[in-house]
Amino acid sequence: MEKMDHKANKLITLGVVLWVSFLSAAVATMLFFATFDPVDLGDIATFPLSLDRMGGYSVGFLLFWLLLAVNSLAVIWLARRPNEPREH
Amino acid sequence: MTDSLNKIPVEVALYESSEKIYPRETKGRFQRWRMLCVYMLLGLYYALPWVQWGDRQAILFDLPARKFHIFFLTFWPQDFIFLTLLLIMAGLLLFFATALAGRVWCGYACPQTVWTEAFIWMERWVEGTRAQQMKLTAAPWSFTKVRKRVTKQFLWLTFSLFTGLTFVGYFQPISQLFVDFFSWELTGWGLFWVLFYGFATYGNAGFMREQVCKYMCPYARFQSAMFDADTLIVAYDADRGEPRARGSRRKDESSENKGDCIECGICVQVCPTGIDIRDGLQYECIACAACIDGCDEVMDKVGLPRGLIKYSTDALDKGSEKTLLQTLIRPRVIIYSILLSVIAIGFVTALSMRGNFLVDVLRDRNAFYRYSEQGEIQNTYQIRIMNKSQTTQLYMLDMRGLEGATAVWTKSSEPGVSREVGAGEIGEFSITVSLPETADYKRSQTIELLFSETVGDNVDTIVEPARFWGPRDVSR
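A quick note: this is a predicted structure, and the numbers were derived from the prediction, not measured.

*Asks:* When you look at the interface of chain A and chain B in this model, what are you seeing that I'm missing?
*Replies:* How big an interface is tends to be stated in terms of the accessible area lost upon association of its parts. Chain A puts 26 residues into the contact, and the matching count from chain B is 20 residues. When the two sides are added together, the surface that chain A and chain B hide from each other amounts to roughly 1900 Å², 74% of it contributed by carbon and sulfur. The largest share of the area that chain A buries against chain B comes from A:Ile12, A:Trp19 and A:Met54, three residues that together contribute 26% of it. Counting across the interface, chain A meets chain B through 1 salt bridge. Of the charged contacts in the structure, one is a salt bridge between B:Arg66 and A:Asp37, with a shortest N-O distance of 3.8 Å. Here chain A is connected to chain B by 6 residue pairs in polar contact (both at pLDDT 80 or more).

Spelled out as structure tokens, the structure:
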């Protein structure tokens with residue numbers, strides 16, 4: 001039972017991370033693409049990048065989401081202090 | 001319930017492994033309101049993209065074209081401030097509603113609640129009442145169980161897919177989207193987002209349900225900051241209800257010590273988040289008032305007055321004598337409403353004063369100046385005119401700021417000719433400013449280019465500054 005709770009707890013943490021980074025990514029996407037047109041960005045990219053707008057928005061959003069989720073997970077992982085009791 | 005706010009239980013573990021909650025169906029006045037809200041909100045969601053406005057979809061967030069259409073309004077990326085203001089107003093409205101009436105948003109309007117409710121209805125149609133659902137879960141796999149489960153999943157998945165399709169229908173023309181989808185021709189990002197949103201609906205409303213409110217919702221965490229003693233909450237009248245008595249103890253006439261709560265447990269069974277409201281105000285409570293309706297029904301049956309569980313405020317519970325008006329008018333409410341009205345007035349004013357077109361002027365970077373065949377000094381500029389209005393517009397060009405110079409659309413012979421830009425479109429043109437060699441000029445000077453609308457009663461002019469280059473400083 002204890003073990004179950006621990007596993008479920010981890011799952012909830014992951015859920016929270018995904019959800020919060022989803023919301024932040026949505027805001028970031030709106031701000032970013034209200035300022036920059038993905039088609040223009042594709043034109044000035046340093047490597048060949050052909051983006052239509054829907055693709056640009058979608059890839060942009062998913063990248064923001066991934067970045068924010070990885071960042072949040074890293075923060076959670078590192079913010080756990082060594083003197084806290086270990087969970088097994 | 002004298003100390004409801006002090007009785008908030010401290011949750012020791014942040015998470016306890018959750019068991020599926022089977023909320024019992026209730027009927028009553030608040031549940032009728034909730035049904036009405038669900039029908040209205042879901043109805044709006046599924047119907048709105050089908051509404052036409054002129055020859056286009058009334059509400060279309062046309063991302064590929066970078067234009068948002070909302071009925072007679074069209075928003076461009078340059079209008080981002082309006083979206084920001086709109087979001088701020090929505091936030092303030094939520095604060096305002098929370099201060100007044102507690103978590104009405106959660107109970108009646110939140111998409112999570114609304115879609116969960118719809119999914120619960122489907123579950124009830126297929127699997128029956130709470131008791132039947134629990135029995136079915138406990139039962140070994142049989143043909144009936146498989147049939148019911150498959151039917152339920154089929155309904156859920158179909159509904160989710162439809163929800164996902166409708167969602168994408170806000171971003172690309174919905175009739176074409178449906179045609180593409182049902183002829184298996186929808187591909188790429190459109191299909192991806194249909195499946196994404198559909199899956200999110202299925203997961204959130206089918207499985208996670210109240211856990212979204214308990215573990216994931218930021219509003220559920222900070223809504224208590226907007227609460228005070230006069231905020232409407234769902235409360236159990238402990239003074240009247242306690243001590244609880246049921247069965248033989250209730251029938252025992254000699255026993256003085258019995259409250260009105262008959263401990264039937266209905267309030268717990270109907271709760272979609274699985275709490276016991278009699279333990280006091282809890283952050284899991286989404287104020288759906290199912291327990292109020294459940295309890296009222298029981299009170300009617302046993303012949304006791306309604307309102308053992310009711311909408312109340314902490315102050316009222318403590319015997320406050322305030323009138324409704326006194327409860328409504330308090331600093332928190334006044335401040336929220338002032339802020340809200342100021343921003344709303346600003347929003348409407350700014351929206352009505354919003355210009356109908358925008359102009360970008362870019363100098364031709366290839367050459368500062370050149371000479372025409374007639375020996376005039378010429379500068380050329382690239383012009384982008386964004387017609388934000390709903391009608392085709394003709395634009396006239398003029399200039400000032402340099403004696404003797406004239407501005408014309410390139411490749412047009414004389415001034416006074418206008419250029420056309422369709423409704424909601426961007427026109428790209430080039431213009432030439434010419435100055436006779438004999439005039440006075442500097443190596444570089446600022447001129448002003450004037451663009452004027454010519455169609456309609458309310459014509460605007462935009463003045464854009466630009467640099468004009470000559471070969472050297474000349475004054476005669």
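Once the structure has been displayed, the description carries forward.
*Asks:* In this structure, what is going on with the sheet that holds strand β15 (residues 444–453) of chain B? I would like to understand it.
*Replies:* Strands pair in a sheet through their backbones, by hydrogen bonds, and they do so in one of two ways: parallel or antiparallel. Residues and elements named next belong to chain B. The 4 strands are arranged β13-β11-β15-β16 in an open sheet whose pairing can be described as antiparallel. Among the strands making up the open sheet, the edge pair consists of β13 (419–421) and β16 (461–469). Strand-to-strand twist in this sheet, taken as the mean axis angle between neighbours without regard to direction, amounts to 35°. When strand β11 (residues 393–400) meets β13, the two strands line up antiparallel, connected through 3 bridges. Bridging from a neighbouring strand, glutamine 393 pairs with valine 421 of β13.

*Asks:* Mind showing me how you'd approach helix α7 (residues 174–182) of chain B here?
*Replies:* In an α-helix, one turn spans 3.6 residues, which is why side chains three or four residues apart end up on the same side. All names here are of chain B. Within the span of α7, buried status applies to Ile174, Leu177, Phe178, Asp180 and Phe181. The buried residues of α7 occupy an angular sector of 165° when the element is viewed end-on, so they sit on one face. Here the buried face of α7 lies against β2 (56–57), α6 (143–168) and α8 (188–208). Downstream of α7 by one or two residues, tryptophan 184 has phi in the positive range, about 60°.

*Asks:* Just checking my understanding: could you explain the sheet that holds strand β4 (residues 67–70) of chain B for this structure?
*Replies:* Residue and element names in this part refer to chain B. One open sheet accounts for 3 strands, arranged β3-β4-β5; its pairing is antiparallel. Each edge of the open sheet carries a strand with a single partner, namely β3 (59–62) and β5 (73–75). Between one strand axis and the next, the sheet turns through 15° on average, direction left out of account. One ladder, built from 4 bridges, connects β3 with β4; its direction is antiparallel. Looking across to β4, one finds that phenylalanine 61 is bridged to phenylalanine 68.

*Asks:* Can you help me understand α8(B) in this one?
*Replies:* With 21 residues, α8(B) ought to run about 30 Å at 1.5 Å a step, and its terminal C-alpha atoms sit 28 Å apart, in line with that. Three or more residues of α8(B) are buried, namely B:Gly190, B:Trp193, B:Val194, B:Gly198, B:Thr201, B:Tyr202, B:Gly203, B:Ala205 and B:Gly206. Contact partners of the buried residues in α8(B): α3 (53–79) of chain A together with α4 (111–127), α6 and α7 of chain B. Once α8(B) finishes, B:Arg209 follows within two positions and takes phi at roughly 45°, a positive value.

*Asks:* What exactly am I supposed to notice about the packing of aromatic side chains here?
*Replies:* Geometrically, a pair of aromatic rings is defined through the distance of the ring centres and the angle of the planes. All names here are of chain B. Applying the stated criterion to the full structure yields 48 aromatic pairs over all chains. Aromatic pair phenylalanine 119 and phenylalanine 159: ring centres 5.8 Å apart, planes at 65°, arrangement edge-to-face. Placement of phenylalanine 119 in helix α4 and of phenylalanine 159 in helix α6 is noted, with a sequence separation of 40 residues between them. The pair phenylalanine 119 / phenylalanine 159 is uniform in exposure class, with both members buried. The residue whose ring lies beneath arginine 354 is phenylalanine 75, and the NZ or CZ to ring-centre distance is 5.0 Å.

*Asks:* Help me out: how do you make sense of the packing of α3(A) against α8(B) in this one?
*Replies:* Axes are the key here: two packed helices are described by the angle between their axes and the distance separating the axes. Running from N to C, α3(A) and α8(B) point in directions that differ by 45°, and their axes come no closer than 10 Å. Overall, the two elements α3(A) and α8(B) adopt an arrangement that is oblique. Facing A:Met54, A:Gly55, A:Ser58, A:Val59, A:Phe61, A:Leu62 and A:Trp65 of α3(A), the residues of α8(B) in contact are B:Trp189, B:Phe192, B:Trp193 and B:Phe196. Across the contact of α3(A) with α8(B), the residue classes tally to 9 nonpolar, 2 polar and no charged.

*Asks:* Before we go on, may I ask you to explain the packing of α4(B) against α8(B) in this structure?
*Replies:* All names here are of chain B. Relative to each other, α4 and α8 sit at 75°, their axes nearing to 8 Å. The angle between α4 and α8 places the two elements in the roughly perpendicular class. Across the interface between the two elements, Gln112, Trp115, Thr116 and Phe119 of α4 pack against Tyr197, Thr201, Tyr202, Asn204, Ala205 and Gly206 of α8.

*Asks:* Please clarify how the state of the cysteines should be interpreted in this entry.
*Replies:* What we call a disulfide is simply a covalent bond connecting the sulfur atoms of a pair of cysteines. Residues and elements named next belong to chain B. Summed over all chains, the structure comprises 0 disulfides over all chains. In this structure cysteine 261 is not part of a disulfide, and its nearest cysteine sulfur, from cysteine 267, lies 6.5 Å away. According to the relative accessible area criterion, cysteine 261 is buried, its value standing at 6%. Not engaged in a disulfide, the cysteine cysteine 288 finds its nearest cysteine sulfur in cysteine 271; these two sulfurs lie 6.1 Å apart.

The rules behind the values
- Residues numbered from 1 in each chain as written.
- Chains lettered and ligands numbered in written order.
- Predicted model: local features only at pLDDT ≥ 70, side-chain atom pairs only at ≥ 80, totals over all residues.
- Heavy atoms only, no water.
- Contact = heavy atoms within 4.5 Å.
- Buried area = accessible area lost by both parts, 1.4 Å probe.
- Salt bridge = Lys/Arg side-chain N within 4 Å of Asp/Glu carboxyl O.
- Polar contact = N/O pair within 3.5 Å; in protein donor to acceptor, adjacent residues only side chain to side chain.
- Pairing = 2+ DSSP bridges.
- Helix = DSSP H or I, 4+ residues; strand = E, 2+ residues; numbered from the N terminus.
- Axes fitted to C-alpha atoms, helices over the stretch in contact; angles between N-to-C directions.
- Buried < 20%, exposed > 50% of the residue type's maximum accessible area, 1.4 Å probe, protein only.
- Arc of directions from axis to C-beta.
- Expected span 1.5 Å × (residues − 1).
- Phe/Tyr/Trp six-rings, centres within 6.5 Å; stacked < 30°, edge-to-face > 60°.
- Lys NZ or Arg CZ within 6 Å of the ring centre and 35° of its normal.
- Parallel < 35°, antiparallel > 145°, perpendicular 65-115°, else oblique.
- Nonpolar A, V, L, I, M, F, W, Y, C, P; charged D, E, K, R; others polar.
- Disulfide = S-S within 2.5 Å.

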